[in-house]
Structure formats: structure tokens, C-alpha cells
Amino acid sequence: MSDIVCDNCGSTEAVVHLTQIVNNQMSTHRLCEKCAAEKGLESTPEPANFPLTDFLAQMGKDPAVDADPASTQCPFCGLTFRDFRETGRLGCPQCYETYAPHLQRLLRRVHGGTQHVGKVYLPPDPSASELERRLDALRRKLNRAVESEDFERAAELRDEIRSLEPA
Amino acid sequence: MNDLPAIPDHGLSWLEASGDHADIVLSTRVRLARNLQGHAFGPRARVNDRESVLRKFRECAAKAEFLQGGTLLEMPSLTPRSRKILLERRLVTRDLLGDPQSGPVRGAAVHVSGSAPVSVMVNEEDHIRAQSLLSGLRIEQAWRLVDRLDEELGRELPFAYHHEFGFLTSCPTNVGSGLRASVFMHLPGLVLTKEIAKVLQGLGQVGLTFRGLYGEGSEVVGNFFQVSNQTTLGKTEEDLVDHLDKMVRQVIQYEMHARQVLLRDAQGVTEDKIWRAYGLLRYARTLSFEEFMNLLSGVRLGLSLKLLPGLRVYTLNKMMIFTQPAHLEEAAGRDLSSAESDAHRAAYVRRVLAAEGEVSRGDRPSDEGPPSDRF
């Protein structure tokens, strides 16, 4: 018999140390075998809580969101905003247009901004404007590489730009 | 292995204990989440969406230079044990394996490259999850690899991309770059000196997060932590990767300092813990996975502190993988009860440690370095 008390039922046979990380806060619980099994520690662990869940829960109380008819649906996949609130998952690329204003607020909260500044993607059959956007981004990257004296990377970027530039 | 014959190097090159700080950092992973235009994301995708995504990926993989000589494994056609082996080798996620009762969905697959340490999960939460997995601390290199793979995939597959939000993902926490870089670290010094909470809290303040052995929601066992970037939008991939690299190097410094403190202030106790851990692993007749991991942590620390000469980091890394339940069952050629599994685990560990030879007595901390042939 161990002398460690189960945090859940108070029995003195705590054998499982559960370390949980919720919102980057670590907490340790000592549990007896029975309580641990009840919490499902034998099987797949529950996904940890993460900021999105909290934010979505808060959003549920937000009058601005409630004013939005719960019946709004994504025209492509049929996802309602309520579905999103419950699962934290969007249904399809079109959802990002359908729920753009909400998502902008959410993304600001989760990521600190809404504007992607990383890789610029060019679809398999790009239009001229897409090509120009991509070239702009690559030129900016080339400048950064040169500034930081990463010449190997700069050479790669130069070649990539040449391959995309109209002859 | 019955139906995983074709995986090049069995997807285990990340165990080789090469790369920077291999005694503290087991592996580096960088993954990119991508989705295809015109299809619902994983959780809402229908069978025909998933089949269409898999078909397009298959066509693309045939052309992509980076995926040559690889193998595409469709989850539903694998045995449950083979699927678990892939999970234990960190080539797939629990999500790809689907519900424990009903199994993986149609279209769920993983492609393991034959020419580079990269793999692609198809029809997980996102249509495409491309990853590179390297031994030791090599974030920049891992990013370059997966970036090249992404370029090849993107030339053939029409990715869902938004001028403001970037690469669109099922979960808004991945949108933008879709990049999650994570470093799998062993931090016993910080745990034993009780500095770990402070360090982890600090990571949170600089936009990083940490998880246990199997990613999101999993338990921290054996003092192993996965440190990764929390946000994916609003920074370039290079900045995300560079920031993680800098912070991880800082954590390594803290860890090395903590280990020096242990040696300075508690040498006797530390050595005792390490030798007890070694002794138990060397002779125990049953070991649960959790107990094994905790003992392994002690031995790994001893090796890193040069208190257990004669052992290799590679051996310890390999043991971590081959002592997991599905690997033990595969070796036994049958299903094992939990008690049998514990006995098989202990037997395997005894055998590996015996083959590695007796480590020196260690009446005093040895001055010898670790063996030069670390791999």
C-alpha cells in the first residue's frame, strides 16, 4: 500500500501520477488505479484543452455572435457556426470566406494577427496575377537572404525566381 | 513485419542518435498541413472526397522526385497491429488510425519516402500532412526537407490557399503556414532540480508549447517533452523555425546547467538513482511501459553524464520504440496480455543490455568519454 493519497477519492493507494498540461500550465494529480481508469487513462488520452476551445466557449456568450443567425450555413459544406463552435474545426476552404469576420477576430486572438506572411503558393495553373504575387514574395525572401548573408539560400531563391519569370 | 514490408529503413532513421545534442534531443520534426481545393476537410469529408484526395495524391506521388522509392500504405487494408506499429514509430497519428472500434476511414493512408526522411499522411484532419523527422536537433534541415517536398506536392495538387489567411486548414490553430515544428527532448535535469515548471512556463510566454510522447493531449512520461511552436500565422516559416531553434538551444543550456548542479550538489544520490535504474532494467522480470520509460530516463541521464560508459544513445532510442506494445506483439508473433507484454518488455530490455556488454563498475564516475562509434 502506498502512502500517497488519491486526489480524487482519498484512498491511500494512489499509483498513477497524472501530469496535465492545460494552457501551458502544468498540474500533477495523484490518482488510485480505479479513479485513473475512470478518467480513461488506460486508453487514448483526452485531447488537451487549448486556447481555441476557451475562445470558442467565450464566443458562445458574445452577443455579436449570437446576433448572427445560428442557421447561417457554409454554402459548400453545410457547416453551421454552431458546428464550428462545438468541434473547433472548419468544414472546407469555403468556410473561411463564409465566416471571415468571426475568423479574423479569432485568428487575432489565437495567432496575434490575420495576415499570412509565409510561403506564397502558386496553384498548378496560375493566373498572371498569382504569378506576380509569388515572384514578389520570392524577391522579398531573396533580399532577406542576402541581408543575412545566407548565400546558399539566396542562390536557390534566385534560381527559383528565374524559373518563374516570363522569358 | 507481415504487411509493412516495404518501408525503407522501417521509418526509423530518426533513432540513429546523430545530429546536434543527440543525448538531449531525440528528434526533430517539421510538418506542414495542406488541403485540396474543392473538398471538405477531414472531419466533414465524405468517402468520395477522401477517395478523390487519395487518388490525386497517388498521381502526384508517382511524379514527385522526393517520394520515389517510397511506399503508400492504406490504413484500412493494414492489420490493427501494423497500424499501431506505424503509430509507435511516429509515422502516423492516432487521428489517422480512426476510432478504436470502427478503425480507420476509407482513404486514410501514409506515404513513406524511399529517398529522404519524409512522409505524408493523407486524409488525416487535413488532406495532406507532410512531415520530415530527423535525429537530433536539426530544425533548419528538417524544414528545408519538408519545404522541398511541399514544393513538389504543390506543383501537382491544387492546395486551398487564401490571400489573407494563407494555407487553409481544418483547425484555425494551424492556418497560415500550416507549420508545426517540434523537438523531442529529454529533460531529467530540469525535472530533478524542479526547474522544469519555470522553463515550461517561459516557453509559453515566447509562443511555444509542449506535449508528451505522442503529441497533443498525451502524458509526459520519462521526462520526455515535445516542444513546438504554438502559432502558425503571421510569421514566415523561417522565423518560426529559427525562433524554435533558438529557444530549444536555450532550454538545452538550462538542462546542461541543471545536470551540473545535480553532479555538484547531489552526486551520490544522482549516481545511485542512475545505477539503480540500470540495475532494474538489466535484471527486472517484468516492466510496464511507464516504469520502463522512467528507468530509461535515469539510464539516459547516466549515459549523458558519462557515468555509464559502454552504452550507446542509439541503443536507448531503439529500446524506446521496440518496447512498445505493438512492437512486442510483432516480435512475439501473437497478441499479448498486459502482463505478458510487461514480461516480454523486460526480457527484451535484458537481452539488449546484455548484448551491449557490461558497463564498467562505476565505483567512481568514469573519466572516459562515451564510445566514439555512437552510431
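Residues numbered from 1 in each chain as written. Chains lettered and ligands numbered in written order. Predicted model: local features only at pLDDT ≥ 70, side-chain atom pairs only at ≥ 80, totals over all residues. Heavy atoms only, no water.

## Digging into the overall build of chain A
Operational definition: Each helix is a run of H or I in the DSSP string that is no shorter than four residues. Each strand is a run of E no shorter than two, and both are numbered from the N terminus. Exposure categories follow from relative accessible area, calculated using a 1.4 Å probe and restricted to protein chains: below 20% of the type maximum is buried, above 50% is exposed, and the middle band is partly exposed. Whether two residues are in contact is decided by their heavy atoms, any of which lying within 4.5 Å being enough. Areas reported as accessible are Shrake-Rupley estimates using a 1.4 Å probe. Residue values count occlusion only from the protein chains shown.
Along the backbone of chain A there are 8 helices and 2 strands. Its helices and strands taken in sequence order, chain A reads β-β-α-α-α-α-α-α-α-α from the N to the C terminus. Burial statistics for chain A: of 167 residues in total, 35% are counted as buried. Counting contacts in chain A only where the partners sit at least 6 residues apart, residues at least 24 apart contribute 31% of the total. Here chain A has roughly 9800 Å² of accessible surface; of this, 49% comes from carbon and sulfur atoms.

## Here's the deal with the environment of Thr323 of chain B
Residue placement: Thr323 of chain B occurs in the loop between α10 (313–322) and α11 (325–332). Beyond its immediate chain neighbours, meaning those up to four positions away, Thr323 of chain B contacts Phe289, Phe292, Leu328, Arg345, Tyr348 and Val349 of chain B.

## Considerations on the pattern of salt bridges
This is how the line gets drawn: When a carboxyl oxygen of Asp or Glu lies within 4 Å of a side-chain nitrogen of Lys or Arg, that pair is called a salt bridge.
Taken as a whole, this structure holds 33 salt bridges over all chains when the rule is applied. Glu195 of chain B is the partner of Lys198 of chain B in a salt bridge, and the nearest nitrogen-oxygen pair spans 3.2 Å. Of the charged contacts in the structure, one is a salt bridge between Arg312 of chain B and Glu356 of chain B, with a shortest N-O distance of 3.3 Å. Pair noted here: Arg312 of chain B is in the loop between α9 (289–304) and α10 and Glu356 of chain B is in the segment after α12 (338–355), with a separation of 44 residues, a long-range link. Residues participating in the shared-partner salt-bridge network are Arg89 of chain A together with Glu124, Glu125, Asp126 and Arg129 of chain B.

## Comments concerning the packing of helix α4 (residues 139–156) of chain B against helix α7 (residues 237–265) of chain B
Two quantities define a packed helix pair, namely the angle between the axes and the distance from one axis to the other. All names here are of chain B. Here is the rule: Axis geometry follows a simple rule: fit a line to the C-alpha atoms, using only the stretch in contact for helices, then measure angles between N-to-C directions, giving values from 0 to 180 degrees. Any angle between 65 and 115 degrees counts as roughly perpendicular, while under 35 counts as roughly parallel, over 145 as roughly antiparallel, and the rest as oblique. We call a crossing left-handed when the near helix sits turned anticlockwise from the far one by less than a right angle, and right-handed when that turn is clockwise. Basically, the charged four are Asp, Glu, Lys and Arg, the nonpolar ten are Ala, Val, Leu, Ile, Met, Phe, Trp, Tyr, Cys and Pro, and anything else, Gly included, counts as polar.
At a closest axis distance of 9 Å, the pairing of α4 and α7 adopts a crossing angle of 155°. Considered as vectors, α4 and α7 are oriented roughly antiparallel to each other. The way α4 lies across α7 gives a crossing that is right-handed. Along the contact surface, α4 presents Ile139, Glu140 and Trp143, while α7 presents Glu237, Glu238, Val241, Leu244 and Asp245. Considered class by class, the residues forming the contact of α4 with α7 number 4 nonpolar, no polar and 4 charged.

## Some words on helix α6 (residues 100–111) of chain A
Residues and elements named next belong to chain A. Stated precisely, the cut-off is as follows: Along the arc lie the directions from the helix axis toward the C-beta atoms.
Taken residue by residue, α6 has Ala100, His102, Leu103, Leu106, Leu107, Val110 and His111 as its buried positions. The buried residues of α6 occupy one face: seen down the axis, they fall within an arc of 145°. In α6, the exposed residues that point more than 90 degrees away from the buried face are Pro101 and Arg109. Of the residues flanking the end of α6, it is Gly112, one or two places downstream, whose phi is positive at about 85°.

## Looking at the state of the cysteines
Applicable threshold: Note on terminology: pairs of cysteine sulfur atoms within 2.5 Å are recorded as disulfides.
Summed over all chains, the structure comprises 0 disulfides over all chains. Not engaged in a disulfide, the cysteine Cys92 of chain A finds its nearest cysteine sulfur in Cys77 of chain A; these two sulfurs lie 3.6 Å apart.

## Brief notes about the environment of Pro166 of chain A
Take Pro166 of chain A: it is sitting in the segment after α8 (151–164). Note: C-alpha distance between Pro166 of chain A and Phe76 of chain A (90 residues apart in sequence) is 36 Å.

## Focus: the interface of chain B and chain A
To keep things clear, this is the line we draw: Accessible-area loss on putting two parts together, using a 1.4 Å probe and summing over both, is the definition of buried area adopted here. For the purposes of these results, a polar contact is taken to be a pair of N or O atoms within 3.5 Å, where, inside protein, one atom must be able to donate a hydrogen and its partner to accept one; residues adjacent in sequence count only when each atom of the pair is a side-chain atom.
Contacts between chain B and chain A engage 59 residues on the former and 56 residues on the latter. Around 4700 Å² of area is buried between chain B and chain A when both sides are counted, 56% of it from carbon and sulfur atoms. Summed over the shared surface of chain B and chain A, the number is 7 salt bridges. For Lys119 of chain A, the salt bridge is made with Asp150 of chain B, and the minimal N-O distance between the two is 2.5 Å. Linking chain B to chain A there are 21 residue pairs in polar contact (both at pLDDT 80 or more). For the side of chain B that touches chain A, the secondary-structure elements that each account for two or more residues are α4, β6 (161–162), β7 (166–167), α6 (196–205), β9 (208–211) and α7 of chain B. If one sorts the elements of the side of chain B that touches chain A by residue count, α4 of chain B sits on top with 8 residues.

## Quick look at helix α2 (residues 80–88) of chain B
Residue and element names in this part refer to chain B. The buried fraction of α2 is high, at 7 of 9 residues. Residues of α2 that are buried: Arg81, Ser82, Arg83, Ile85, Leu86, Leu87 and Glu88. On its buried side, α2 packs onto β2 (71–74), α3 (94–97), β3 (109–112), α10 and α11. Where α2 ends, the next residue or the one after it, Arg90, has phi of about 65°, a positive value.

## A closer look at the packing of helix α8 (residues 267–283) of chain B against α12 of chain B
Residues and elements named next belong to chain B. Running from amino to carboxyl end, α8 crosses α12 at an angle of 110°, the nearest separation of the two axes being 6 Å. Classified by the angle their axes make, α8 and α12 are roughly perpendicular. Residues Tyr278, Leu281, Arg282 and Tyr283 of α8 lie in contact with α12, whose contacting residues are Val349, Arg350, Leu353 and Ala354. Of the residues contributing to the contact of α8 with α12, the split by class is 6 nonpolar, no polar and 2 charged.

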